[in-house]
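# Survey of secondary and tertiary structure
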Amino acid sequence: MGALIRCAIVLLTVATMVNFRVLTRAMSTVAKSFEASQVVPDVIPKAPAALLQVKYPSGVEVKEGNELTPTQVKDEPSVKWDAEPGQYYTLAMTDPDAPSRKEPTFREWHHWLVGNIQGNEVNSGETLSQYVGSGPPEKTGLHRYVFLLYKQPSKLTFDEPRLTNTSSDKRANFKIAEFAKKYNLGDPIAGNFYEAQYDDYVPILYKQLGA
Ligand SMILES: *[C@@H]1O[C@H](CO)[C@@H](O)[C@H](O)[C@H]1NC(C)=O
């Protein structure tokens, strides 16, 4: 009898392990990296299935949490995805770790927000907030910078302030998940993120923002 129970337990354990492996293999690497880094749930409740391609003019590419420097990401990147013809998209970049991941009292500080993008031509969209690179304050450690792409239900009229790259006004205390809810965007369909900490480009960026 004891042997039978032991045998059943072993079988059950093996079955659970096999099940778990099938499950994790089915989960995309995007979902895994978003969860491992806690972008889910800190920014969005559910990870996107697809990876956004994000490349900077400096030559670096965003790769699911790799570390880049503020110098490398100072200029607007090119972002690509598999777009459906005739479809409108919203693209966002946001930092949940403002002013630090430990004490994110300004969560989130948003860096870029473009709506009504046709296909995957970001330039065709309506810029709500112009691109601003990473400016993590000194001694606040690594910040996560998260790119998210949403499929719009249709062309939208955005009731949002238009923010330039020469002021930090209205960038803080943003919530991309609430923005998505407000405009019925659903969950993001693609995403990516990198991490960055202070370097000597940050004071230059602050000057640009008039800080
Ligand atoms: C700020 O935005 C303008 C476009 O309005 C652009 O020409 C300029 O290069 C940007 N400045 C920086 C430092 O990114």
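Residues numbered from 1 in each chain as written. Predicted model: local features only at pLDDT ≥ 70, side-chain atom pairs only at ≥ 80, totals over all residues. Heavy atoms only, no water.

## What about the pattern of salt bridges?
Taken as a whole and judged by the stated rule, the model has 10 salt bridges. Residue Arg 107 is joined to Asp 97 by a salt bridge in which the shortest nitrogen-to-oxygen separation is 3.8 Å. Note that Arg 107 is positioned in the loop between β5 (88-95) and β6 (109-118) and Asp 97 in the loop between β5 and β6, a separation of 10 residues in sequence. Relative accessible area serves as the criterion here: at 19%, Arg 107 is assigned to the buried category. Two residues, Glu 160 and Lys 182, come together in a salt bridge whose shortest N-O distance is 2.9 Å. Pair noted here: Glu 160 is in the loop between β8 (143-151) and α4 (176-182) and Lys 182 is in helix α4, with a separation of 22 residues, a long-range link. Given the relative accessible area of 46%, Lys 182 is considered partly exposed. What you see here is one network of salt bridges that share partners, running through Asp 42, Asp 97, Arg 107 and Arg 144. (Salt bridge = Lys/Arg side-chain N within 4 Å of Asp/Glu carboxyl O. Helix = DSSP H or I, 4+ residues; strand = E, 2+ residues; numbered from the N terminus. Buried < 20%, exposed > 50% of the residue type's maximum accessible area, 1.4 Å probe, protein only.)

## Looking at the site of the ligand
The local shell around the ligand consists of Gln 130, Asn 165 and Gln 208. Between an oxygen atom of the ligand and a side-chain N or O atom of Asn 165, the distance comes to 2.3 Å. Isolated, the ligand exposes 360 Å² of accessible area, and the fraction of that covered by the protein chains is 37%. (Near = heavy atom within 4 Å. Polar contact = N/O pair within 3.5 Å; in protein donor to acceptor, adjacent residues only side chain to side chain. Areas by Shrake-Rupley, 256 points an atom, 1.4 Å probe, with all protein chains shown as cover.)

## Thoughts on the packing of aromatic side chains
Under the definition given, this model contains 11 aromatic pairs. Centroid distance Trp 112 to Tyr 131: 5.3 Å. Interplanar angle 85 degrees. Geometry classified as edge-to-face. In this pair, Trp 112 is assigned in strand β6 and Tyr 131 in the loop between β7 (126-129) and β8, connecting sequence segments 19 residues apart. Across this residue pair, the class does not change: Trp 112 and Tyr 131 are buried. Three or more aromatic residues link up through ring pairs in this structure, and these residues are Tyr 56, Trp 112, Tyr 131, Tyr 145, Phe 147 and Tyr 194. (Phe/Tyr/Trp six-rings, centres within 6.5 Å; stacked < 30°, edge-to-face > 60°.)

## Details of the pairing of strand β9 (residues 190-196)
Most of β9 is tucked away: seven of the seven residues are buried. Taking every second residue as pointing to the same face, both faces of β9 are buried, with Ala 190, Asn 192, Tyr 194 and Ala 196 on one and Gly 191, Phe 193 and Glu 195 on the other. In this structure, strand β3 (residues 66-67) lies alongside β9, joined through two bridges in parallel fashion. Paired with Asn 66 across the strands is Tyr 194, a residue of β9. In the sheet, β8 pairs with β9 via seven bridges, with the strands oriented antiparallel. In the sheet register, Phe 147 faces β9, and the bridge partner there is Asn 192. (Pairing = 2+ DSSP bridges.)

## Quick word on the side chain of Asn 116
Tracing the chain through its elements places Asn 116 in strand β6. Looking at Asn 116, the relative accessible area reads 4%, which means it is buried. When sequence neighbours within four positions are dropped, the list of residues in contact with Asn 116 reads Tyr 88, Tyr 89, Thr 90, Ser 124, Gly 125, Glu 126, Gln 152, Ser 154, Lys 155, Leu 156 and Phe 158. (Contact = heavy atoms within 4.5 Å.)

## Describing the environment of Phe 193
With respect to the secondary-structure elements, Phe 193 resides in strand β9. A relative accessible area of 1% means that Phe 193 is categorised as buried. Placed 142 residues apart in sequence, Phe 193 and Leu 51 show a C-alpha to C-alpha distance of 9.6 Å. When residues no more than four places from it in sequence are discounted, the contact partners of Phe 193 are Ser 33, Phe 34, Ser 37, Val 39, Val 62, Lys 63, Glu 64, Gly 65, Asn 66, Tyr 145 and Val 146.

## Considering the environment of Ser 28
Along the chain, Ser 28 falls in the loop between α1 (2-26) and α2 (29-36). In the structure, Ser 28 is positioned 20 residues away from Pro 48 in sequence and 8.8 Å away in space, judged by C-alpha atoms. Every residue in contact with Ser 28, bar those within four places of it in the chain, is listed here: Pro 48 and Ala 49.

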